[in-house]
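# Remarks on the overall topology
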Amino acid sequence: MSRIIKIDPITRLEGHGNIKIEYDDNGVFKAAYLNIPDFRGFEKFCEGRAVEELPTLTQKICGVCPTAHHIAGVKALDDMFNVSPPPAARSIRELIHNIFIYEDHLLHFYYLGGPDLFLDPDTPAADRNIFKVIEKLGKETGGRILKIRKKVRDMHSDISGSALYPVCGLPGGVSKPVSEKDRLRFCGISKEALDFALETLDLFHERILKNPVFISLLDQECMKSKTYYMGMVDESDRVNFYDGIIKVIDSKGKEFCRFSPNEYLEHISEQNDPGSFMKYTFLKKVGWKGIEYEEFSGIYRVGPLARFNVSSGFSTPLAHKEYLRMKDYFKGYPVHATFAYHWARLIEILYAAENMVRLTSSPCLSDKNIRNIPGRINRERGAGVCEAPRGILIHDYEGDRNGIAGKINLIVATQNNGASIQYSLTKAGRELFKNGLSDENTLNKLEMVFRAYDPCMACSTH
Amino acid sequence: MKKSPKIKIAMYWLAGCGGCEESILDLGEYLLDLIDKADILFWPIAADIKYDALKDMPDNHIDFSFINGTVRTLDHVKMARLLRRKSKTVTAHGSCAHLGGVPGLSGFYSSESLVKKAYEEAPSLADNKTTRDPAPDPQQLTERPYALSQIIDTDYYLPGCPTPPELIKSALLSFIAGELPQKGTVFGEKKALCSTCPLTDTRPDKIDLKKIRRVQTADYSPDRCFLDQGLICMGPVTRGGCFSQCIKANMPCRGCFGPLDNVSDYGAKAVSMLSSLIDENDIKKITSVIDQIPDPAGLFYRYSLTSSIIKKQGYRD
């Protein structure tokens, strides 16, 4: 008899979701299906709002990645008002964006994904949480995780109003300068953050990359998805979180296309799923062939592993060194192992920390000229794109001459990974559930698959 | 000395954004203190306890449930009711649970039009309508968004979008000490934000609002009361307790802490406050100033449309 097992809710991620595992009449695993039962309707209710409110309104899509929405929103307004921020304002925006990616990746590595990585695979459900991770690592290291995350988030708040919901972005600049005294203080905190990033990588190499369970997750064919990859790169093809060109490679590593952010509608399309509120994006020029045929369908992946795959590395020395180390480990290119997201994420912690040190070391940051004040709206449409921790994020706004928002379109990071997450779950499920086992630990192994993507579900449905 | 028993807490989200969860994680090292004094029985963002385990708990098993997010789907209604049954007290955590919050702005539109916009009209949708799958069923949504107290009996309120960690900590400390505030208490200040605003001394006794300016095009001073410079700031009608975070970043208040005690409609109070700042008797002149405010409904009801007089009717199954 066919049967369905439901994991409800899926846990240690942002937002709601459940997974249905279907077996056929012969008790053979058929598919694992992720459903996101949540929807708020931002694209509709942001219409008619004053355009200057959009970067602070649309960021309420997600309290885990608010800074990314704020940055994409304010860049869309830059475009609409046809104005660029002065160098100090651009540095301030980049700084809060890097601080945010740093602490958000830390959040995933220790708090959300951490219990899967640091604790024994047979740890009971009630104990799979950050507190047990802290216990395992010792109160000294554990306390430092909490402390450094708080320190960098407080620094973010000092600059932007609040790390929980920044308010500083204005078209053509930011609302608040950084004082010279604060710049020096921030530089000290950034160096501490860089030390902790290095320590975290040591921990990863010592505790996780030597763990046979994790190594097999990297190696197993069932834990790989051969998709296209998409990420933002600078003029030298290096990763850039704030600005650049969007580059796409195919599953063999060959460049498929590159486009500037406001051409996104020519390259990205969305497919509905009547059973879930998450829309899946796909490459328009390849087309939608369903979730089954990874090599031939337009499914692509975004986020840390995609950025690793599409780029030629990082512009900062320590991150680039770690990039080469990971490249060397996997030999083949591109890296399709879903669990390699964890490693790629840690390289970015290093990159973000190095950027924080770089930006706070330059007197440009504390320059008082932080705004180019625009006149009326110059263009009826503005698009803003940045790399969110979880991948490409696109905000596209219309605005009239009175500064009232018209149509709003949003392509949110996790949506880009949506079809691939579905695919990865079914592919992993075929192996995990081939013996019909559905004990709690096997179910968690399936959850580990989506968790490697660090999805943001409230974001994805908005 | 005998150690007092741990309190049992649960944390859950409805149509939220995860920001209230982040604000709990922002308690930093206090989290380690907290787990010495509290067992967290249910918290999907951080712990692997599933719904079945929650359903299996006896009624009133949880001492304090913190629920954030707007009520926007039929599942949310079920979960809010389930948690109410399992908990001795429920605290509405954050603007969405407290007043309906930003997702409450969806109350301007029908559920069908919200779904249609995202799944049938978005410019990025697949062009070919024959191969495009249909939209999800809008019937999964409630008829309109709701604040938590419109669905279940709610004991306390933590205001803010999101609530600052310091305020959450003060609520937790009083719960742990067994010092329960009066039912209906909204944590935070009893006075308006203006009274603790760092720019309060620059606010003149009488403001004469003649021209409304907008932040993006105004060359304003960060050191002078924003209202006095013609920038709309909700400080005079908003509950204090937020540490003036937006003001300190040189941006005016948008009202996430909601109204003071005994104010039933935040937006109406805001309109009356602004009208009182216009030193005119001629209604036409008053209107000409008010008309300069872009999107007044979205601004005044940004966080509280759901609990406003115009949208206040209760939930029907």
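A short tour of the structure in this document, coming up. The structure presented is a predicted model; accordingly, all values stated were derived computationally and were not measured.

## Overview of the overall build of chain A
- In terms of helices and strands, chain A carries 16 helices and 14 strands.
- In summary, chain A has a C-alpha radius of gyration of 21 Å against a globular reference of 23 Å for 462 residues, a match within 12%.
- The C-alpha extent of chain A, read off along each of the three principal axes, is 70 × 50 × 40 Å.
- A total of 462 residues make up chain A; the buried ones form 63% of that total.
- Considering only contacts within chain A whose residues lie at least 6 apart along the sequence, 70% involve residues at least 24 apart.

## A word on the interface of chain B and chain A
- Taken together, the 64 residues of chain B in the interface contact 71 residues of chain A.
- It is helix α6 (residues 111-121) of chain B that contributes the most residues to the side of chain B that touches chain A, five residues altogether.
- Partitioned by chemical class, the residues of the side of chain B that touches chain A number 34 nonpolar, 16 polar and 14 charged.

## Points about the sheet that holds strand β14 (residues 405-411) of chain A
Residue and element names in this part refer to chain A.
- One open sheet accounts for three strands, arranged β12-β13-β14; its pairing is antiparallel. With one partner strand each, in any of the chains shown, β12 (381-388) and β14 form the two edges of the open sheet. Adjacent strand axes in the sheet meet at a mean angle of 15°, parallel and antiparallel pairs treated alike.
- Contacts between helix α3 (residues 66-81) and the sheet are confined to β12 and β13 (391-399), with β12 contributing the most and set at about 150° to the helix.
- Against the sheet, helix α14 (residues 413-432) touches β12, β13 and β14, its axis set at about 125° to β13.

## Some words on the environment of Asp59(B)
Residue and element names in this part refer to chain B.
- Residue position: aspartate 59 is located in the loop between α3 (51-56) and β3 (62-68).
- In this structure, the C-alpha to C-alpha distance between aspartate 59 and aspartate 208, residues 149 residues apart in sequence, is 56 Å.
- In this structure aspartate 59 touches Arg85 and Lys86, once residues within four positions along its chain are discounted.

## Concerning the sheet that holds strand β1 (residues 3-7) of chain A
All names here are of chain A.
- Pairing is antiparallel across the open sheet formed by three strands, whose spatial order is β1-β2-β3. Edge strands, defined here as strands with exactly one partner in the open sheet, are β1 and β3 (29-35). Within this sheet the neighbouring strands show an average axis-to-axis angle of 20°, counted without direction.
- Packed onto the sheet, α14 meets β2 (18-23) and β3 and runs at close to 150° relative to β3.

What counts and how
- Residues numbered from 1 in each chain as written.
- Chains lettered and ligands numbered in written order.
- Predicted model: local features only at pLDDT ≥ 70, side-chain atom pairs only at ≥ 80, totals over all residues.
- Helix = DSSP H or I, 4+ residues; strand = E, 2+ residues; numbered from the N terminus.
- Rg over C-alpha atoms; globule rule 2.2 N^0.38 Å.
- Buried ≥ 20, exposed ≤ 12 C-beta atoms within 10 Å, placed from the backbone.
- Contact = placed C-beta atoms within 7 Å.
- Nonpolar A, V, L, I, M, F, W, Y, C, P; charged D, E, K, R; others polar.
- Pairing = 2+ DSSP bridges.
- Axes fitted to C-alpha atoms, helices over the stretch in contact; angles between N-to-C directions.

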